[in-house]
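# Overview (structure and organization)
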Amino acid sequence: MTKTPILIKEVECKGCGLCVSVCPRRVPVISEENGRKKAVVFEGRADVCMKCGQCVAVCPSGAIVVEGLDPAGFEPVRDSGVSYENLSAFFKSRRSVRRYKKEPLPMEIIEKILHVAASAPTGTGSCSTGVIVVDSAEKLAEISSAAYEMYSSLDKALSNPIARFFISKKAGKKMVGTLETFVMPGFRWYRRWREEGAGDELMRDAPAVLLFTSPVNEPEGEMNCIIAAYQATLAAKTLGVGSCINGLLPPACNRSPAIRDIIKLSRDREVYACITLGFPKLGYKRTIPRKLAGVTRV
Ligand SMILES: Cc1cc2nc3c(=O)[nH]c(=O)nc-3n(C[C@H](O)[C@H](O)[C@H](O)COP(=O)(O)O)c2cc1C
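Rules and cut-offs
As a convention, each chain's residues are numbered from 1 in the sequence order in which they are written. Per-residue local features of the predicted model are confined to residues with pLDDT of at least 70, and side-chain atom pairs are confined, for both listing and counting, to 80 or more; whole-chain, interface and lining totals are unaffected and use all residues. Here, nearness means that the C-beta atom of a residue, built from backbone geometry, sits within 6 Å of the molecule or strand in question. We call Asp, Glu, Lys and Arg charged. Ala, Val, Leu, Ile, Met, Phe, Trp, Tyr, Cys and Pro are nonpolar, and the rest, Gly among them, are polar. Two strands pair under a simple rule: DSSP has to find at least two bridges between them. Helix and strand labels come from DSSP, where a helix needs a run of H or I of at least four residues and a strand needs a run of E of at least two; each type is numbered from the N terminus. What counts as an axis is a line fitted to C-alpha atoms, over the stretch in contact for a helix, and the angles between N-to-C directions run from 0 to 180 degrees. Distance between backbone-placed C-beta atoms decides contact: two residues are in contact if it is within 7 Å. Should an angle lie under 35 degrees it is considered roughly parallel, over 145 roughly antiparallel, and from 65 to 115 roughly perpendicular; all remaining angles are considered oblique. Note: crossing handedness is left-handed where the near helix turns anticlockwise from the far helix by less than a right angle, and right-handed where it turns clockwise.

To continue, consider the site of the ligand. Around the ligand, the neighbouring residues are R95, S96, R98, C244, I245, N246, G247, L248 and I288. Grouping the constituent residues of the shell around the ligand by class yields four nonpolar, three polar and two charged.

Below, the structure is given as structure tokens:
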């Protein structure tokens, strides 16, 4: 391996230039020596390599190795056989599933879901997304209690003008608006139902929760987590597992010291996306009509 993150094996390289063409940052270039073309790393751009692996995936002669990417992990591409019609039907029948059977979710199924989530696109080409699997009833209950506590004290603080002013300064006016008009009105009912023993609508009494984490300073870390989490929901559906994106849990995980402690979240990471998972209690008979809010052509 050279000092650059990419090794182009001189003997194997046929100089076809596909790696040059595919690289988003033009790290490989074609050089010609004694009438023979070959791809080489342009040293001046080696440091901008995103280690995305596209050069390895496109190379017909297996001439490229990228630091940190196991050569054995580059499997031959298979035709997925997914047609537009099938994909459209799949997406239209996807639902946020909020009612789960009590049955635990086997870890082998969770691993399969994570395997698919790992192939999600990432903003920087390489993946720094981590996942915390919570599937112990005891830990789920502890997290739930701490989340209710966190939102209850936030609700209380928002009713105090001085505390509200400081929350608004820190989190922004838009966030305070969302909390006051959307989150808290729902949360107060959730809390009431929970106190009455009528179930946990915050975590939907799910038998498993996946928390997607990223380093705080990772460019696009939040977006990476959201996309991976959504990809996980689709993988779950193919395995007969219901799932729902949960927007309430990530802020609770990040702000509640108790939850940070339970999930062993290191100081340099935050939870940016969460999904609840479980075998669905009910099935849907119909799709739901949805339209984009507007499409313009310029
Ligand atoms: C960013 C985001 C956050 C969400 N947060 C929650 C949540 O906290 N609790 C919940 O039950 N559903 C949550 N959902 C699911 C939406 O409510 C759901 O997508 C919407 O009701 C449409 O239903 P469908 O997914 O079945 O089409 C969230 C969805 C998104 C995209």
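Structure's up, so let's keep going.
The subject of this paragraph is the sheet that holds strand 6 (residues 208-215). The strand order across the open sheet formed by four strands is 5-6-8-7, and the pairing between neighbours is antiparallel. The outermost strands of the open sheet, each flanked by one partner alone, are strand 5 (130-134) and strand 7 (242-245). For this sheet, the mean inter-axis angle between neighbouring strands, taken without regard to orientation, is 25°. When strand 6 meets strand 8 (residues 269-278), the two strands line up antiparallel, connected through eight bridges. Counted as the bridge partner of T213 is V271 from strand 8. Contacts from helix 8 (residues 221-238) reach strand 6, strand 7 and strand 8 within the one sheet, and its direction differs from that of strand 8 by about 10°.

What follows concerns the packing of helix 5 (residues 137-158) against helix 7 (residues 173-195). Here helix 5 crosses helix 7 at 130°, and the two axes come no closer than 10 Å. The orientation of helix 5 relative to helix 7 falls into the category oblique. Between helix 5 and helix 7 the crossing geometry is left-handed. For the pair formed by helix 5 and helix 7, the contact residues are Y148, Y151, S152, D155 and L158 on the first element and L179, E180, M184, F187, R191 and R194 on the second. Residues of the contact of helix 5 with helix 7, tallied by class, amount to six nonpolar, one polar and four charged.

At their nearest, the axes of helix 4 (residues 107-117) and helix 8 sit 8 Å apart, and the two run at 130° to each other. Classified by the angle their axes make, helix 4 and helix 8 are oblique. For the element pair helix 4 and helix 8, the recorded crossing hand is right-handed. Here K112, I113, V116 and A117 of helix 4 lie close against helix 8, whose contacting residues are A228, Q231, A232, A235 and A236. Of the residues in the contact of helix 4 with helix 8, the class split is seven nonpolar, one polar and one charged.

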